[in-house]
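# Summary of structural features
If you want the building blocks of each chain, they are given just below.
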Protein chains: 6
Amino acid sequence: MRPSKRTPDQKREVSITRNVSKHAEGSCLIKSGDTHVLCTASLEERIPPWLRGQNRGWVTAEYGMLPRATGDRMRRESQAGKQSGRTQEIQRLIGRSLRAIVDLGALGERQITVDCDVIQADGGTRTASITGAWIALNDCIEWMRTRGMIAADAVILKDQVAAISCGIYAGTPVLDLDYLEDSDAETDANFVMTGKGGIVEIQGTAEGEPFSEEELMALLALAKKGISELLVLQTADAAE
Amino acid sequence: MRPSKRTPDQKREVSITRNVSKHAEGSCLIKSGDTHVLCTASLEERIPPWLRGQNRGWVTAEYGMLPRATGDRMRRESQAGKQSGRTQEIQRLIGRSLRAIVDLGALGERQITVDCDVIQADGGTRTASITGAWIALNDCIEWMRTRGMIAADAVILKDQVAAISCGIYAGTPVLDLDYLEDSDAETDANFVMTGKGGIVEIQGTAEGEPFSEEELMALLALAKKGISELLVLQTADAAE
Amino acid sequence: MRPSKRTPDQKREVSITRNVSKHAEGSCLIKSGDTHVLCTASLEERIPPWLRGQNRGWVTAEYGMLPRATGDRMRRESQAGKQSGRTQEIQRLIGRSLRAIVDLGALGERQITVDCDVIQADGGTRTASITGAWIALNDCIEWMRTRGMIAADAVILKDQVAAISCGIYAGTPVLDLDYLEDSDAETDANFVMTGKGGIVEIQGTAEGEPFSEEELMALLALAKKGISELLVLQTADAAE
Amino acid sequence: MRPSKRTPDQKREVSITRNVSKHAEGSCLIKSGDTHVLCTASLEERIPPWLRGQNRGWVTAEYGMLPRATGDRMRRESQAGKQSGRTQEIQRLIGRSLRAIVDLGALGERQITVDCDVIQADGGTRTASITGAWIALNDCIEWMRTRGMIAADAVILKDQVAAISCGIYAGTPVLDLDYLEDSDAETDANFVMTGKGGIVEIQGTAEGEPFSEEELMALLALAKKGISELLVLQTADAAE
Amino acid sequence: MRPSKRTPDQKREVSITRNVSKHAEGSCLIKSGDTHVLCTASLEERIPPWLRGQNRGWVTAEYGMLPRATGDRMRRESQAGKQSGRTQEIQRLIGRSLRAIVDLGALGERQITVDCDVIQADGGTRTASITGAWIALNDCIEWMRTRGMIAADAVILKDQVAAISCGIYAGTPVLDLDYLEDSDAETDANFVMTGKGGIVEIQGTAEGEPFSEEELMALLALAKKGISELLVLQTADAAE
Amino acid sequence: MRPSKRTPDQKREVSITRNVSKHAEGSCLIKSGDTHVLCTASLEERIPPWLRGQNRGWVTAEYGMLPRATGDRMRRESQAGKQSGRTQEIQRLIGRSLRAIVDLGALGERQITVDCDVIQADGGTRTASITGAWIALNDCIEWMRTRGMIAADAVILKDQVAAISCGIYAGTPVLDLDYLEDSDAETDANFVMTGKGGIVEIQGTAEGEPFSEEELMALLALAKKGISELLVLQTADAAE
């Protein structure tokens, strides 16, 4: 029995609100249960120095958490003077996940930075960030298309990308851990997959006992189900 | 004529939503036009080292801005490795403003940190932060009262406190500058006042020509009007 | 009765020694009672990157305190690895105050940095810094004029600027608080004004009870008197 | 055909030299082809503050690279003033991998820090670090046992742990990528497994096209083979 | 011929003004030609953590330079976010030099920090700092003696300590290089010696050609002469 | 009697292994007893900004210690966020020592960085670093010569340079202190000398009693002997 009362293959309610920012070229507020992440995509007509002269653009991501997004207040990273290892790990993951489905050559010499800021946390913030980041990125590109900055038929995003976590809780593989479940799970795994079902990233960690190949397969099957549902939400919402 | 079409003594629409955080002991989202600030109050049963043994508590504030809260994306302060002078100036102001109306002795040996995070900026973020911070602080104290942590009749907050900006725009003193107006104003002044009408803080800066005593008086009169309206919203909202 | 034995509208003895630096283009040591600040103006034939191509110069200020300028030794900011919020607040104020009276276009593409270093502190270091900074800046510009770097009749400084603090001590508005008075004052306010009597900056803070409009007016009247005396010293001294 | 001329399931030659440090309680130099990592385990009779009073110990890891371990010299992290996101990610992974097989309660209130310093890099530094770290940790514990600090029959290490990378190179799943292969691989995956064959950590990343479930399985099969060979080396070497 | 017109064994005019600080327990302004250093000694009733329980005190030093102490303005170290290697090297040298003549056991569990801040620089700032630091330290100890904090006959300072630089300029060993001479000297050496003539520290560096043993001896002879003159000034001044 | 059982003028066994790095243009592992330092020279076709347009190159050095190179584990400097004063002092010394024998004009507009990383420490790490750094630098230059980057007969290194420490232990001047001897020595001195016998750098520090001119001479005589032996090893080894 999950603390969340959900069935093993049941993810949390997800709601996506687009265009929540007056300033950003693309944005959404994604809520997965009590985990709320604000994603904004910012277009800049410049590229990192090491990319110059390659006729390509860049997509990157940054991640942050408001100090009281969590049960106990955390120290503000700007006061600590540096981003934690966890923060850096997550923003590198988001960036890699997005770049996996972007045609950087087609983007041209521009940089899009997707900021994922956790307003409220209840587990699964990195996977919600990836799912929401794709929407912000997509809408930023449509913003550019509307303004003739890219050709009407240019394919910048080759596919969708979304992510979800799974875990082994009380011996059972379950989908989409919330904070309470995550704290007690024996194994915690994050999956990033594309619209066509390809795996972009898989990160599985045994918190207690090591896990077996069979368990890995069970988690992957759950992730596929959950991500297929998220992919629908990503575009359904776009259609509105 | 103001770019915002408002009359000189007209402030922006302000909406306040309380209890927006699952975790914080007190919280609100304050929207003053397109300026949106999330305020959370976090209670901790500890005090700064330099306060030990004095049988008093502490109230402090921190301020931050999401990178794309503004028209152009700003560098994340946690990446820059430090808070800007502007950020520190603002959070010191918020903290002083709150402490002006708190009885730190009555609070007991506890610290309340109010985080003011700007989700979207359109001018006046520091004054909206102060107005919202009072609400989060107030609700945190009521949270404590409900749990018997302070006596039912203890007066921790001696008064309300709220803030608003004024400025001289195109030669005319006007209330509550938005970003566009602020960028062109000759003088910019922030006022922090209590429920009883006392001045807690006044900061006036000539951006162009120096201003006169008469102009200072005109700005103060506008601020009084605006703050009196905010004071009503602070408590009206609490009553709901 | 003031601890300093001064009458309410009596400022401290101020002495100004010009040309105290072998290297700086303009400099002075300003002593306001036991508060001693060394002000040096450094001319550089470069401008900040964001000013390029605008055919204008820049004037900025930095502020520091020697570790034992104060009663208790303070940690050296270079060891702490950063400037405190207070330091940044003060140097931003000094820079703004100076720029209020500088014609940056007439200056040409050059930067003048005024360093205000507190050798000994006894209250009022930021206002003494502003008053002294104007002298260093003025002398730097005369240095340039002498060398033909600016036209003989070019008006770079449109006016003088000077500053003083006032406060409410034991219920009475008084001029120019020293450290002892400042520590006990109910209200502390800093005023920056020009030679023509315009207000450049006003910062008033209630340390105890909020203050009223009448008190603000009384403080402003004291400041006008004090600053008018400082303005004379600034130029009297220059005439020597 | 691999640039390394190795067959798809052939790992590099691995040599392990134990006791290479005069000072450390456990140490080894592990060479996997041209990747050379020095692993030292340092015992300290103290624990992190957040562990106090729990009657448990702690095992942690740090990772570093000498500036010219790589083809191009990299900036020294101590000069940059911070560890890169990559460094932090790797040292967190090493620490988690070790803790997966340590009985922290049996260790007592002590901390063991395993430092993995890359003397020369040619791909696979993080997996070589984990494999070598286990040896240093094991020898540190035997050092303690010899001195009677833990009981003769105490089981501190519940199992072995070792790691290897796999990848899809030119469409073929291959074992143990060197730097040249890694730079061109479409997919790169790191596996951490125990002596009993359980999975402790799996990290798979598509560098080019997403990968399929079948490919993941093929990589896992290769990893199992490689790790089983490493496990023999870890203990064979210990027996010498 | 030296640019300074001095004879090879002639040091600059040195003036020492004691008690220049209202706050410090001991202080002096030492001027060696155009090099001006403010030295303050600060007594604190605490010791560094690593000294606890040893019944001894500590003497340490810090060094700084005002930004425009030099011909070109230097970046403020508090803004750079760290002390330069040069600054750290110098303050470590001053601290070692002082501790060479202090009986830390007789001092008791207290720390004295001597701050040496260069107000104006013209070469030889580190040696002037040491010579002045001894005076500030001495006067701090007499301050303590006057207040009965140490016994009337306690010997805390076992000896005097002073320092001077020498160098080989245009092939000739000369005493006490100023900035112009130092910039062109082939060899630069700093000597720290006690009242009894013992060597506490010697640092010789060939800037151009290596130097010989004979040259080292010549420099040492010059240093002895210069330091013997400084030792007289240190105590002559104290007698006033 | 020395703890090391060596005679007063006997240095430790020194072994030098060249070409230990797959990547660096020049490298060696120098072992002086239990002090082991890895020295690598990295050639870069760029120069520091302040050297531009001068048609000269630059040689610099960096120094580091692995955390468990020492008896007690030291904090990793990249985690501390800065290099210690000691580290900076040492790397500045190594760089100066190397530049003393390099013809920077003949090098051309290139930078060579010599990294000296202490793998294991037992006293004398800075002097072993200098001795080894010269070898890495020499081999880097021969690497360039082989590739025709400098003329076959160009003299970039004008001489050899090597270093050793001496000290006064139990009243006796001794050569080449190891850690145990260094901890108890009354005086510690480091000497850097060229192949022709010139002194490049001398740093002598009294840890206990000041030392005399005679003692300085005795230490210098020991250093000459030790360095003459090192100079032979530097080139003997190159001849192999």
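Residues numbered from 1 in each chain as written. Chains lettered and ligands numbered in written order. Predicted model: local features only at pLDDT ≥ 70, side-chain atom pairs only at ≥ 80, totals over all residues. Heavy atoms only, no water.

## Observations concerning the nonpolar core
Test applied: The nonpolar core is taken to be a set of buried Ala, Val, Leu, Ile, Met, Phe, Trp, Tyr and Cys residues, with the residues joined through side-chain atoms within 4.5 Å. Throughout, exposure labels follow a simple rule: accessible area from a 1.4 Å probe, protein chains only, divided by the maximum for the residue type, with under 20% read as buried, over 50% as exposed, and the rest as partly exposed. Every residue pair with non-hydrogen atoms within 4.5 Å of one another is taken to be in contact.
Among the nonpolar cores identified, the biggest contains 421 residues, and Ile112 of chain A, Ile112 of chain B, Ile112 of chain C, Ile112 of chain D, Ile112 of chain E together with Ile112 of chain F are the most heavily contacted of them. Non-local contacts of Ile112 of chain A, meaning those with residues more than four positions away in its chain, are made with Ala41, Ser42, Leu43, Trp58, Val59, Thr60, Leu107, Leu137, Cys140, Ile141 and Met144 of chain A.

## Thoughts on the pattern of salt bridges
Here is the rule: In the sections that follow, a salt bridge refers to a side-chain nitrogen of Lys or Arg positioned within 4 Å of a carboxyl oxygen of Asp or Glu. Only runs of H or I of at least four residues qualify as helices and only runs of E of at least two qualify as strands under DSSP, and these elements are numbered from the N terminus.
For the coordinates displayed, the defined rule picks out 138 salt bridges over all chains. Arg68 of chain B serves as the salt-bridge partner of Glu25 of chain A, at 2.7 Å between the closest nitrogen and oxygen. Here Glu25 of chain A is found in the loop between strand 1 (14-18) and strand 2 (26-32), whereas its partner Arg68 of chain B is found in the loop between strand 4 (58-65) and helix 1 (77-80) on a different chain. Across this residue pair, the class does not change: Glu25 of chain A and Arg68 of chain B are buried. Shared partners join several salt bridges into a network, and the residues in it are Arg2, Arg6, Arg12, Asp122, Asp176, Asp178 and Glu181 of chain A.

## Topic: the sheet that holds strand 6 (residues 161-169) of chain E
Backbone-to-backbone hydrogen bonds pair the strands of a sheet. The strands run either parallel or antiparallel. Definition in use: The pairing criterion is simple: DSSP has to find at least two bridges between the two strands. Here an axis means a line fitted to C-alpha atoms, over the contact stretch when the element is a helix, while the angle between two N-to-C directions is reported on a 0 to 180 degree scale.
Strand order in the open sheet formed by 8 strands is 7(E)-6(E)-8(E)-9(E)-9(F)-8(F)-6(F)-7(F), with antiparallel pairing between adjacent strands. Of all strands in the sheet, those bounded by a partner on one side alone are strand 7 (172-175) of chain E together with strand 7 (172-175) of chain F. Each adjacent strand pair in this sheet contributes to an overall mean axis angle of 15°, direction not counted. Pairing of strand 9 (residues 199-206) of chain E with strand 9 (residues 199-206) of chain F, which is carried by 5 bridges, proceeds in the antiparallel orientation.

## What to know about unusual backbone geometry
Most peptide bonds are trans, and most residues other than glycine sit at a negative phi. All names here are of chain E. One non-glycine residue, Ala170, lies in the positive phi region at around 50°. Relative to the helices and strands, Ala170 is located in the loop between strand 6 and strand 7. Note on Ala170: relative accessible area 61%, which makes it exposed. Of note, the phi angle at Asp176 is positive, near 65°, even though the residue is not glycine. Locating Asp176 in the fold gives a position in the loop between strand 7 and helix 5 (179-184). Residue class for Asp176 comes out buried when judged on its relative accessible area of 3%.

## Description of the state of the cysteines
Rule in force here: Whenever a pair of cysteine sulfur atoms sits within 2.5 Å, that pair is classed as a disulfide.
All chains considered together, the criterion is met by 0 disulfides over all chains. Take Cys39 of chain B: it sits in no disulfide, and the sulfur closest to it among the cysteines is that of Cys116 of chain B, at 4.1 Å. Exposure remark for Cys39 of chain B: the relative accessible area of 0% places this residue in the buried category. Looking at the unpaired Cys28 of chain D, the closest cysteine sulfur is the one in Cys39 of chain D, lying at 4.4 Å.

## Quick word on the UniProt feature "domain: Exoribonuclease phosphorolytic" (unreviewed entry) in chain A
Residues and elements named next belong to chain A. Definition in use: UniProt positions are given in the numbering used here, feature names are shortened, and annotations may be inferred rather than shown by experiment.
Under the local residue numbering, the UniProt record ascribes the feature "domain: Exoribonuclease phosphorolytic" (unreviewed entry) to residues 11-140 and 159-226. Taken as a whole, residues 11-140 contains 30% helix and 31% strand, while its terminal C-alpha atoms sit 28 Å from one another. For residues 159-226, the helix share is 29%, the strand share is 43%, and the end-to-end C-alpha distance is 17 Å.

## Quick notes on the relation of the copies chain B and chain A
We count it as follows: Least squares is the method for superposing the copies, and the C-alpha atoms it fits come from residues with pLDDT of at least 70 in both.
Mapping chain B onto chain A is achieved by rotating through 180° and translating by 0.0 Å along the same axis, at an RMSD of 0.0 Å. Between the two chains, the operation in question is that of a two-fold axis. The overlap is high: 100% of the interface residues of chain B also sit at the interface in chain A, so the same surface is used on both sides.

## What to know about the packing of aromatic side chains
One pair of aromatic rings is described through two measures. These are the centre distance and the angle between the planes. All names here are of chain D. Inclusion rule: Only Phe, Tyr and Trp rings are paired, with Trp represented by its six-membered ring, and only when their centres lie within 6.5 Å; those with planes under 30 degrees apart are stacked, over 60 edge-to-face, the remainder tilted.
Summed over all chains, the structure comprises 6 aromatic pairs over all chains. When the ring of Trp50 is compared with that of Trp58, the centres are 4.8 Å apart and the planes differ by 85°; the resulting orientation is edge-to-face. Take Trp58: its relative accessible area is 16%, and that puts it in the buried class.

## Observations concerning the sheet that holds strand 6 (residues 161-169) of chain B
Strands sit in the order 7(B)-6(B)-8(B)-9(B)-9(C)-8(C)-6(C)-7(C) across an open sheet of 8 strands; the sheet is antiparallel. Sheet topology places strand 7 (172-175) of chain B together with strand 7 (172-175) of chain C at the edges, where each strand pairs with a single neighbour. For this sheet the average axis-to-axis angle between neighbouring strands, irrespective of direction, equals 15°. Relative to strand 7 of chain B, strand 6 of chain B runs antiparallel, the two sharing 4 bridges. Directly across from Cys166 of chain B, in strand 7 of chain B, lies its bridge partner Leu175 of chain B. Strands in contact with helix 2 (residues 85-99) of chain B are strand 6, strand 8 (187-194) and strand 9 (199-206) of chain B together with strand 9 (199-206) of chain C; relative to strand 9 of chain B, the strand with the most contacts, it is inclined by about 150°. Each of strand 9 of chain B together with strand 6 (161-169), strand 8 (187-194) and strand 9 of chain C is contacted by helix 2 (residues 85-99) of chain C, which is oriented at about 150° to strand 9 of chain C, the strand it contacts most.

## Section: the UniProt feature "binding site: phosphate" (unreviewed entry) in chain A
Residue and element names in this part refer to chain A. According to UniProt, the positions carrying the feature "binding site: phosphate" (unreviewed entry) are Arg86, Gly124, Thr125 and Arg126. Spatially, the listed residues are clustered: although they cover 41 residues, their C-alpha atoms lie within 13.3 Å of one another. Within the secondary structure layout, Gly124 lies in the loop between strand 5 (111-120) and helix 4 (125-146). With residues up to four places along the chain from it excluded, the contact list for Gly124 reads Arg12, Thr35 and Leu177. Among the structural elements, Thr125 can be located in helix 4. Ignoring anything within four residues of it in the chain, the contact list for Thr125 reads Thr35, Val37, Tyr63, Met65, Arg86 and Val118.

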